[in-house]
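Below, each chain spelled out in residue letters.
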Amino acid sequence: MSRLFLIACCALAIGAPTNAAPRLDRWSVIGPGGGGAQFTPTVSPHDPNVVLVACDMTGTYISKDGGVSWRMFNLRGRSSLLVFDPVDPNVIYVKTIGLWRSVDRGDTWKLVLPDPSTVIAIDMPDDHASERFVTIGAAPESLAALAVDPADSKILYAVMSAGRATLKTSTDWGSTWTALKDLPAGARAIYVDPRSPPEDRTIYVVTADSVLVREAGVWRNGPAAPEGSSFIDVSAGFPAESGRLVIYGVAATGLWISPDGGESWSKAGPAARISAVATTLHHTQVAYASYDGLRENGEAFFGVARTPDMGRTWELGWKESTRKSPNVDDGWISERFGPGWGDNPFNLGVSPDHPDICYGSDSGRTLRSADAGKTWTATYTRKLADASYTSTGLDVTTDYGVHFDPFDLRRRFISYTDIGLFRGEAASDGWVSATTSGVPRAWVNTTYWVEFDPEVKGRMWAVMSGTHDLPRPKMWRNNSPSNYLGGVARSDDGGMTWKAMTNGLPPTAATHILLDPRSTADARVLYVAGFGRGVFKSTDGGENWSLKNSGLPAKEPFAWRLTLDRDGVLYLVIARRSDDGSIGNENDGALYRSTDGAESWQKLTLPEGVNGPNGLAIDPEDPQRLYLASWGRRTPRQALGGGIFLSTDGGASWRHVHSADQHVYDVTIDPRSPSTLYACGFESSAWRSTDRGQTWQRIRGYNFKWGHRVIPDPLNPDLIYVTTFGGSVWHGPAAGDPTAPEDIATPQAAYPK
């Protein structure tokens, strides 16, 4: 469980931070903003202030004010196609595990593909609870490209595949489809000439290395791009007056331009590696290219170049190396980590009718230029008067806990992955990095947990590591934990400066730290879970450590979380070390108990069918009452062995009390009322129980795909925080928002009630 410091709760009521990005419900998303990979910025052809951005952590984001603020929406997976209807400004398409359509400018979404009437289930079988529709009959076809007719919203063009790619069209808004052309080489994009006859459209299909064109009812295939090029990014548009499609294509061999719909190609671009390109739909002489590896005087530069004349000349408005450029990123990422942390954009997006407006998205940011690439400003964060930063709603960060200073509950910390520990001061709505002084550079990436000394003001400990995202299998599948760096750092000034506490503690991905409140201030007893190492104990506040593994597995125990009951009995969760769905072998996760301060450990029996324990909560009034969060194991259809299990006899027996969610990350007990519990996981839901775990209700309004744990707000009993795997921290009503509009409006695909 999330060990919450038991406090005398204040009566002060506090709402959402004043600078929170707007939402359609009573929830807000807090943090510094940005911090994770962002992709595919796409600008509306109707309004340059309406923009979509995707990310790699399942959220999709919409701004209606030119990137000043963003609202996250969630459609059951990562988005890969973002398409605005060129006729109706209210209609938008997004592809995740299916194709979704919004008719209210992104407020709500309905499923288009697969046909909702054929959906009978949604499977989530693997470690990330990756979703897929189960339908009547054949499996749904995958979607590679989509275009809407420039004069008729009901007419759609799509490249679909069920083993072989086919261009299809629909004249009834996607209800039925007709095949137009087999595409053996697949396709990257579809463009429809708005000047062609509506009854016989000229269609351009950009494949991996050439362009297939239908004109006057006849198909022809253009020549392959020179030098054996295979496109990794393409962007195209139609000249303002007349002419064929102008295409910009990025390949490993460079940037290629075709002014005649793929009939001929010429190489262009600065003398650098080009990774992304974007032009405008109606101003094709203008294009932007993301580049790196530009060498000048022995120094390597990266950034974004712009051409105003179809590749004949290039302007390097964004040009950086190891030094931050004053015209790029006025947000916190370059200030804290330097310009190379974000790097040059993965993707670019230009306004179809305003070629001076371009967005670039990279490893942690989305930046906007409104002056033809001369300056690039942060849209992911906003700087406040006190030099702290607050999110604009574009949050792509993983976090584990929200931690409150017991001497001033308005001072709080967020333990993040990739960006480390952040601090929010009592008088501020913003956040600043808390790892700038004393934290070893190799540890900065991730802070997994924080503990405060309950009697010594300013004293706190944090477990940090250069390895993120544990205990997910992707981290240890090809890299032994013996290679992980990290450890324990202590601060005596409230997180302003830190000191690494390594005496007796070898380099380890330390994932949890626990303070025994019965110990005295001058001899604090601390326990640390070292992933792949075991359990370490200190009896002098972290000055010295000793390994306490007697009774634990000898081979790299994946020590993950620790819990202490009121009588001093210690529990350890060891994470599963398999991802193949197997059970009953040495790779199973486990639950251990120690009654002698970690001097020895005894293995407890897990519930039948369970081998993925992930968190444990202990009733503060009844130490025999245990709540186990379990991560389901992979099966061909649906994960099994996950959910929440209850023991009333100290782990001797278990009862499955919540099976609706098979990927439960943690269980939290409200410190004000042991009868109230919370849980969260990777199935787009947070859960609440008010009867000591007997029954569970979904907390309405929270719908981020990958959740971590719920933390009650110590300043307001009616509010909670939810930490996530890629969506920063959500803050909202503990009982949910009963009036919250759900993102998904299709009943067959809606989130559970």
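Residues numbered from 1 in each chain as written. Predicted model: local features only at pLDDT ≥ 70, side-chain atom pairs only at ≥ 80, totals over all residues. Heavy atoms only, no water.

**Student:** Help me out: how do you make sense of the overall build of the protein in this one?
**Tutor:** Each helix and strand in the protein was counted, giving 2 helices and 60 strands. Expected size for 753 residues packed as a compact globule is a radius of gyration near 27 Å; at 27 Å, the protein falls within 12% of this value. Based on the C-alpha atoms only, the size of the protein along its principal axes is roughly 85 × 60 × 50 Å. By residue count, 62% of the 753 residues in the protein fall in the buried class. In the protein, the proportion of contacts linking residues at least 24 apart, taken out of those at least 6 apart, comes to 52%. Carbon together with sulfur atoms contributes 50% to the accessible area of the protein, which is approximately 26,000 Å² in total. (Helix = DSSP H or I, 4+ residues; strand = E, 2+ residues; numbered from the N terminus. Rg over C-alpha atoms; globule rule 2.2 N^0.38 Å. Buried < 20%, exposed > 50% of the residue type's maximum accessible area, 1.4 Å probe, protein only. Contact = heavy atoms within 4.5 Å. Areas by Shrake-Rupley, 256 points an atom, 1.4 Å probe, with all protein chains shown as cover.)

**Student:** What is the right way to look at the sheet that holds strand β36 (residues 421-424) in this model?
**Tutor:** Consider a sheet: its strands pair through backbone hydrogen bonds, and that pairing is either parallel or antiparallel. On the basis of which strands lie adjacent, the open sheet formed by 4 strands has the order β34-β35-β36-β37 and antiparallel pairing. In this open sheet, the two edge strands, each paired with only one partner strand, are β34 (399-405) and β37 (432-433). (Pairing = 2+ DSSP bridges.)

**Student:** Sorry if this is basic, but what is going on with the packing of aromatic side chains here?
**Tutor:** Aromatic ring pairs are reported here in terms of the distance separating the ring centres and the angle at which the planes meet. Counted under the stated rule, the structure contains 27 aromatic pairs. Grouping aromatic residues by their ring pairs yields a cluster made of Y400, Y448, W560, W631, Y665, F682, W706 and F725. Over the face of the ring belonging to F301 we find K319, whose NZ or CZ atom lies 4.8 Å from the ring centre. (Phe/Tyr/Trp six-rings, centres within 6.5 Å; stacked < 30°, edge-to-face > 60°. Lys NZ or Arg CZ within 6 Å of the ring centre and 35° of its normal.)

**Student:** Quick question: what am I supposed to make of unusual backbone geometry here?
**Tutor:** A negative phi angle characterises most non-glycine residues, just as the trans form characterises most peptide bonds. Omega for the bond connecting L113 with P114 falls within 30 degrees of zero, at -5 degrees, which places this linkage in the cis form. Mapped onto the elements of the fold, P114 is located in the loop between β9 (110-113) and β10 (119-123). At the junction of L470 and P471, the peptide bond is cis and its omega measures out at 10 degrees in the coordinates. Position of P471 among the secondary structure elements: in the loop between β39 (460-465) and α2 (473-476). The backbone of A598 shows a phi angle near 75 degrees, a positive value even though the residue is not glycine. Mapped onto the elements of the fold, A598 is located in the loop between β48 (590-594) and β49 (602-604). Look at A598 and you get buried, because its relative accessible area is 0%. The backbone of S684 shows a phi angle near 65 degrees, a positive value even though the residue is not glycine. Tracing the backbone through its elements, the reader meets S684 in the loop between β55 (677-681) and β56 (686-689).

**Student:** Would you explain the pattern of salt bridges in this entry?
**Tutor:** Under the defined criterion, the tally for this structure stands at 45 salt bridges. A salt bridge links E215 to R220; the nearest nitrogen and oxygen atoms lie 3.0 Å apart. Assessed through its relative accessible area of 27%, R220 is described here as partly exposed. A salt bridge links K383 to E335, with the nearest nitrogen and oxygen atoms 3.7 Å apart. With a gap of 48 residues between them, K383 in strand β32 (residues 381-383) and E335 in helix α1 (residues 332-337) connect regions that are remote in the sequence. The class for K383 is partly exposed, based on a relative accessible area of 46%. (Salt bridge = Lys/Arg side-chain N within 4 Å of Asp/Glu carboxyl O.)

**Student:** I tried to follow the sheet that holds strand β51 (residues 626-630) on my own but got confused; where do I start?
**Tutor:** Strand order in the open sheet formed by 4 strands is β50-β51-β52-β53, with antiparallel pairing between adjacent strands. Of all the strands in the sheet, the pair left with one neighbour each is β50 (613-618) and β53 (655-658). On average, each strand axis in the sheet is tilted by 30 degrees relative to the strand beside it, whichever way the strands run. Here strand β52 (residues 643-647) pairs with β53 via 3 bridges, running antiparallel. Bridge pairing in β53 places I644 opposite H658. (Axes fitted to C-alpha atoms, helices over the stretch in contact; angles between N-to-C directions.)

**Student:** Sorry if this is basic, but what is going on with the pairing of strand β42 (residues 509-515) here?
**Tutor:** Every other side chain in a regular strand lies on the same face of the sheet, so the side chains alternate between the two faces. When you tally the buried positions in β42, you get 7 out of 7 residues, the bulk of the element. In terms of strand pairing, β42 meets strand β43 (residues 526-531) through 6 bridges, oriented antiparallel. Within β43, the residue paired with A509 across the bridge is F531.

**Student:** Honestly, the side chain of T366 in this entry has me stumped. Any pointers?
**Tutor:** Along the chain, T366 falls in strand β30 (residues 366-369). Its relative accessible area of 0% is what places T366 among the buried residues. A polar contact is formed between the side chain of T366 and the side chain of Q38, at a distance of 2.7 Å. Discounting residues that sit within four places of it in the chain, T366 has contacts with Q38, V53, Y359, G360, S361, T377, A378, T379, Y380 and L394. (Polar contact = N/O pair within 3.5 Å; in protein donor to acceptor, adjacent residues only side chain to side chain.)

**Student:** What is the right way to look at the side chain of N74 in this model?
**Tutor:** Turning to its location among the elements, N74 is positioned in strand β5 (residues 71-74). On the basis of relative accessible area, N74 is assigned to the buried category, the value being 1%. If we skip the residues at most four places from it in the chain, N74 touches T58, G59, N703, F704, K705, W730, D743, I744 and Y751.

**Student:** Just to check I follow, could you spell out the environment of H658 for this structure?
**Tutor:** By secondary structure assignment, the location of H658 is in strand β53. What makes H658 buried here is its relative accessible area of 5%. In the structure, H658 is positioned 16 residues away from G642 in sequence and 8.7 Å away in space, judged by C-alpha atoms. Those residues in contact with H658 that lie beyond four places of it in its chain are G642, G643, I644, W687 and W696.

**Student:** Can you walk me through the confidence of the model for the protein in this structure?
**Tutor:** In low-pLDDT regions, the fine details of the predicted coordinates are not to be read closely. Averaged over all residues, the pLDDT of the protein equals 95, while 97% of them reach at least 70. Low pLDDT, under 50, characterises residues 1-18; the stretch is placed with 55 contacts to residues that sit more than four places away or in other chains. (pLDDT = per-residue confidence, 0-100.)

**Student:** Which parts of the structure should I look at to understand the environment of A121?
**Tutor:** Mapped onto the fold, A121 is located in strand β10. Spatially, the C-alpha atoms of A121 and A749 are 8.4 Å apart, while their sequence positions differ by 628 residues. If sequence neighbours within four positions are ignored, A121 has contacts with R132, F133, V134 and R637.

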